[in-house]
Each structure stands twice: as structure tokens, then as C-alpha cells.
Amino acid sequence: MNITVCGTGYVGLVAAVVFAAKGHKVVGLDIDEAKIAMLKAGKSPLFEPGLEKLMGESAENLRFTVDYRDAYADADMVFVAVPTPEKADGSAELSYVMAACDQIAESRSEGCPVVIKSTVPPGTNARIQEYFDEMADGCANRSFEVVSNPEFLSQGTALRDMLYPSRIIVGVQSEKAASLMRELYRPFDAPVMVMDLCSAELVKYASNDFLALKISYINEIANLCDVVGADIENVAAGMGADPRIGEKFLRAGIGYGGSCFPKDTKALHWLSTCHGHEIKTIKATIEVNTAQKTLLVAKAEDRHGSLAGKRIAVLGLTFKPNTDDLRDAPSLDVVGMLRDKGAVSVLFDPCGMPAFERRYPAQPGVVEYAESARAALAGADMAFILTEWEEFSSIEPEEYAALMGAAEVYDGRNVYEPAAFGGSGVRYISIGRPVVE
Ligand code: UDX
């Protein structure tokens, strides 16, 4: 098939590359000329393991353009994977999706299936269908059928997630569209679950928000562990062994970030409230996460009273490892709080520093950037671990002591076994586990 994918962000680019790898002729379209220039040169604008390699291997089936008329003219099927960012009130911004639909209709004399991969609130695809129908104005040739096909990939494992999904969710309005989507996904070894448009849209939000809820829940249990003297690793392992609960997404920490959970929880909260049916668990999930991001600063303040003048090595800025993405990363809040409290933050991240520096320019004595984790630790009063990059766990407890003197490590991602710090001279504080003095 000739497939055009509108939007070469995480979802769009990964989908384009994977469809090309499966033998389709794929055009990737974007308004960002710099990005398209990179893609034309065979370079991935995203830091995503394996993506550039598969792009190279599928090059003969893949081309990129900024010219939407050229991109849409011969497509048998169009995928829309443009952003739906959060608006000030928490609702989803749909103008990029609607602009893409306008351009699709404008570029073609005949209709084709339009598959919406962007995360859109329940009811949106039906509205897009009405919009296309109005534009077609009764002309059967120009009828576009809207299909919903939400994407569940995670950054850092995006290729594997798209190649080997747990399930493929497809929302349709006709058996013809259902067969087409079943055919497209036949080479993928995963169940294709066909349903109505609105249910498919809601599966995406309900799944992301449930995972976010699971994280906020375990974080609250971790905070209770701190109070009653239990160990969250034991509690989470015991809970996760029940297959009805499952062991995944029970890692306690300083809260979730990223491009989906913060945005999708707020969007569902907004939507449910608009319908007069507030989902209280989602509201609580958001509140718990907001508070959780401040936990390390609160723990350090509890011990020291004031953090003014303290030199704090901040290890990890991205919202999770193996990405350069800072969207809603807890580090943004933590560094802002440390600055406001008069502390000196010395930052290191293997990938996230250039983007972080645009938000927090270097300012000696306030926000400083180090060349390595160890350089950040040298002479610091405390270390805050905010992202569980693998390289951080190779720093031995004794090294903290040697680099920092009277060392205090606040581990916001439970990277270490607390016992490793026994007798090291380092005070080790983590999430929901006993402090090691
Ligand atoms: C998420 C969903 O997993 C994915 O299905 C959806 O399509 C997009 O949103 P992503 O944001 O890439 O993917 O990362 P994910 O690995 O889910 O982590 C999100 C955040 O939750 C990170 O900040 C991570 O540190 C945090 N997290 C995750 C926890 O704090 N504890 C956990 O147990 C799991």
C-alpha cells in the first residue's frame, strides 16, 4: 500500500519506519523543514534505540517531504500522528489534527481512509468524520472514512513496542475499514481489537491514566512505608506477584513525567469534568504526582532546615532513561525549587543537558552544568538522583564518599540497594525504604 504518515514525532516516525519495514511505500510528512532535511539525510531527529538503523534498512520504501499535496496525492491510506498538546485548561489542543484533515481533503480528488493515531479525546473522531462529510458535500467520491488507531509505544522502547504490541486497538465505522486495518496489521503478531470510534479513543486515555494511577498509588504506599517503617520494594514485589495486580508500573519514585501521562491525565480530568462526571481517582493521581515531585527537596529540608548555599549534584534530568526528552520531567520542578531556596544545583545528564540549559541557562552559583556525573558530585553537599540512567548505578558508594566528603545521597529512583551503602560513610535516603546512616 501507499501510506502517508502526517507528523514525524515519536508516534508518526516510528509508524512510518515500521510500515516501510513491512514492505509498504511510505511517505513521512512534516511542517518542520529542519527535521525533514535530517530525515532525508538518513538521520533520526529522535534519540530512539534502533530507529536510525531500521530507517536505513527500509530506505527504499521510505521518503520524507514537507509538501503535503505531494504527500497525500497518491496515498491509499493516511495516518495522522500530529501532537495534541495540553491547553491551559487541561484540554487537548486539536488544531494540528484539524489542519491536517483540511490539507488531506484539499490535496485529493478522491477520498481514502484517514487513520487518527494522535491521542484525541472521546468524540473527536466522530467530529472529524462530520467535518470531512461537510467538505465532501454529498460527493461520494470525496468521502473520507475516519478510523481510530491509538498508539501505545513508550519512548526508549518505541520500535519494539510498535513491532510487537500487546494489542492493536482499531475504532471503525464500517466492516470495510475493519478488514483493511486487519489486513494492514496481519504481519504483526498481535490481536487486533476492533470496536467503535469512541471506545477506541477512550482505551488510550483509560490505559495511560490507569498506569499513571498505578504509579501514584505505589508512590503513596511508599510514602506510608517511610512513616511505618516498611520497605516499598518488598511491598511492591508482594503485591505484583498477584497476577490480578501485575508487577509492572509499581516502581516508586519521584513521580511520572513524559509526553503522555501528565497530558492525558489532565485531558481526561478535563473531559470528565465537562461531562459532569469527574473521575476522582484521576484527580487524585494528578495531585499525588504533583506533590511527589517535591519529595526529595522536602526530605533534604527536613534534615537541614534550609538548603540555602548547599551545593547539590543533580544526576539525571530527562523524564526517564534512554531518551533526551524533558517534557514534564520532575527535574524541571526540582531544579526550580532548589534555585528558589538559594541552593546551588550542579547538573548532569547523559542526553538532556542541551535542552535543559535552554530552560535553565547556566548561572554560576545557582545552576551549573557538569561534564560528568562524577564532576557534578565533586565537592557537593548532597546528590539527588532524578533519573535511573544505567551509568549512575556504576558509581560505587565509596566514590560518593570520596568525591563529596560528608556525603548524602537522595535517590529519587531507588537505583541502589540500600545495603550497599552500609559502612560507606554515606547517608543514603531513598523512596519508601529505610534510611542508611
Ligand atoms: C507512556 C506509556 O507507557 C505508553 O504506553 C504511552 O503510549 C505513552 O506514555 P512513556 O511516557 O514513554 O510511555 O514512558 P513510561 O515508561 O511509561 O514512563 C512514564 C513515566 O512514569 C516516567 O517518568 C517513569 O519514570 C515513570 N514510572 C514508570 C514510574 O515512576 N514508575 C513506574 O513503575 C513506571
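Worth saying up front: this structure is predicted, and the values here are computed from it rather than measured.

Novice: Explain the UniProt feature "domain: UDP-glucose/GDP-mannose dehydrogenase C-terminal" (unreviewed entry) in the protein chain to me, using residue names and the numbers behind them.
Specialist: Sites flagged by UniProt as "domain: UDP-glucose/GDP-mannose dehydrogenase C-terminal" (unreviewed entry) map to residues 313-418. Here residues 313-418 runs as 29% helix and 18% strand, with 19 Å between its end C-alpha atoms.

Novice: How would you explain helix α8 (residues 175-184) if you had to name every residue and give the values?
Specialist: All of the buried residues along α8 are Leu180, Met181 and Leu184. Buried positions in α8, seen along its axis, are confined to an arc of 95° and lie on one side of it. Exposed and facing more than 90 degrees away from the buried side of α8 are Glu175, Ser179 and Glu183. Taken together, the buried residues of α8 touch β6 (146-148), β7 (168-172) and β8 (192-196).

Novice: How would you explain the environment of alanine 212 if you had to name every residue and give the values?
Specialist: Mapped onto the secondary structure, alanine 212 falls in helix α9 (residues 197-228). Residue classification places alanine 212 among the buried positions, given that 26 C-beta atoms sit within 10 Å. The spacing of alanine 212 and threonine 265 is 53 residues in sequence and 7.7 Å in space, taken between C-alpha atoms. If we ignore the near neighbours within four places in the chain, the residues touching alanine 212 are Tyr256, Phe261, Thr265 and Thr285.

Novice: Outline the domain arrangement of the protein chain, supporting the account with residue identities and numerical values.
Specialist: The assigned domain composition of the protein chain is domain 1 (2-197) and domain 2 (293-429). Taking only C-alpha atoms, the centre of domain 1 and the centre of domain 2 are 39 Å apart. Tallying the contact residues gives four residues for domain 1 and seven residues for domain 2. Class assignment of the residues belonging to the side of domain 1 that touches domain 2 gives a composition of two nonpolar, two polar and no charged.

Novice: I'd love a proper account of the nonpolar core, names of residues and values included.
Specialist: Formed by 122 residues in total, the largest nonpolar core has its most connected members in Val80, Leu315, Ala383 and Phe384. The greatest single-element share of this core, amounting to eleven residues, is contributed by α9. Two domains each donate at least three residues to this core, and these are domain 1 (2-197) and domain 2 (293-429). Sequence-distant contacts of phenylalanine 384, defined by excluding residues within four places in its chain, comprise Leu296, Ile312, Val314, Leu315, Val334, Tyr410 and Gly412.

Novice: A description of the site of the ligand should follow, citing residues and the corresponding values.
Specialist: Lining the immediate environment of the ligand, one finds 19 residues, of which Ser154, Arg251, Tyr256, Gly258 and Cys260 sit closest. Considering every element that reaches the shell around the ligand, the biggest residue donor is α9, with three residues. Taken together, the residues of the shell around the ligand break down into ten nonpolar, seven polar and two charged.

Novice: Kindly report on the pairing of β8, identifying the contributing residues and their values.
Specialist: In regular strands, side chains alternate between the two faces of the sheet. Pairing between β7 and β8: five bridges, direction parallel. Its bridge partner lying in β8, isoleucine 168 is registered against valine 192. Once you follow β7 into α8 and on to β8, the crossover reads as right-handed.

Novice: Outline the environment of serine 107, supporting the account with residue identities and numerical values.
Specialist: Along the chain, serine 107 falls in helix α5 (residues 95-107). Assessed through the 17 C-beta atoms surrounding it within 10 Å, serine 107 is described here as partly exposed. Residues serine 107 and tyrosine 72 lie 35 residues apart in sequence; the distance between their C-alpha atoms is 6.2 Å. Setting aside residues up to four positions removed in sequence, serine 107 forms contacts with Tyr68, Arg69, Tyr72 and Ala73.

Novice: If you had to explain the sheet that holds strand β9 (residues 311-315) to someone new, which residues and values would you point to?
Specialist: Strand order in the open sheet made by the six strands is β11-β10-β9-β12-β13-β14, with parallel pairing throughout. One side of each edge strand has no neighbouring strand; the edge strands of this open sheet are β11 (367-369) and β14 (427-429). If you compare each strand with its neighbour and ignore which way they point, the axes differ by 20° on average. Here five bridges tie β9 to strand β10 (residues 344-348), and the two strands are oriented parallel to one another. From the neighbouring strand, valine 314 faces β10, where its bridge partner is leucine 347. Sheet strands in contact with helix α13 (residues 295-304) are β12 (382-385), β13 (408-411) and β14, and its direction is about 150° off that of β13.

Reading the values: rules and limits
The residue numbers shown here count from 1 along each chain, following its written sequence. A pLDDT threshold of at least 70 governs which residues receive local features in this predicted model, and a stricter bar of 80 or more applies before side-chain atom pairs are shown or counted, although totals over entire chains, interfaces and linings include all residues. UniProt positions are given in the numbering used here, feature names are shortened, and annotations may be inferred rather than shown by experiment. Secondary structure elements follow DSSP: runs of H or I no shorter than four residues count as helices, runs of E no shorter than two count as strands, and numbering proceeds from the N terminus. Put simply, a residue is buried when 20 or more other C-beta atoms lie within 10 Å of its own C-beta and exposed when 12 or fewer do; between those, it is partly exposed, and each C-beta is set from the backbone. The arc under discussion is defined with respect to the helix axis, by the directions toward the C-beta atoms. With C-beta atoms placed from the backbone, a contact is any residue pair whose C-beta atoms sit within 7 Å. Note that the domain bounds were set by an automatic or database domain assignment. For this scheme, ten residues count as nonpolar: Ala, Val, Leu, Ile, Met, Phe, Trp, Tyr, Cys and Pro. Four count as charged, namely Asp, Glu, Lys and Arg, and the remainder, Gly too, count as polar. Here, a nonpolar core means buried Ala, Val, Leu, Ile, Met, Phe, Trp, Tyr and Cys residues linked by C-beta atoms lying within 7 Å of one another. We call a residue near a molecule or strand when the C-beta position, derived from backbone atoms, sits within 6 Å of it. We call two strands paired when DSSP finds no fewer than two bridges between them. The path from the first strand over the helix to the second decides the hand: if it runs clockwise while the strands point away from the viewer, the crossover is right-handed. Note on geometry: axes are C-alpha line fits, over the in-contact stretch for helices, and angles between N-to-C directions span 0 to 180 degrees.

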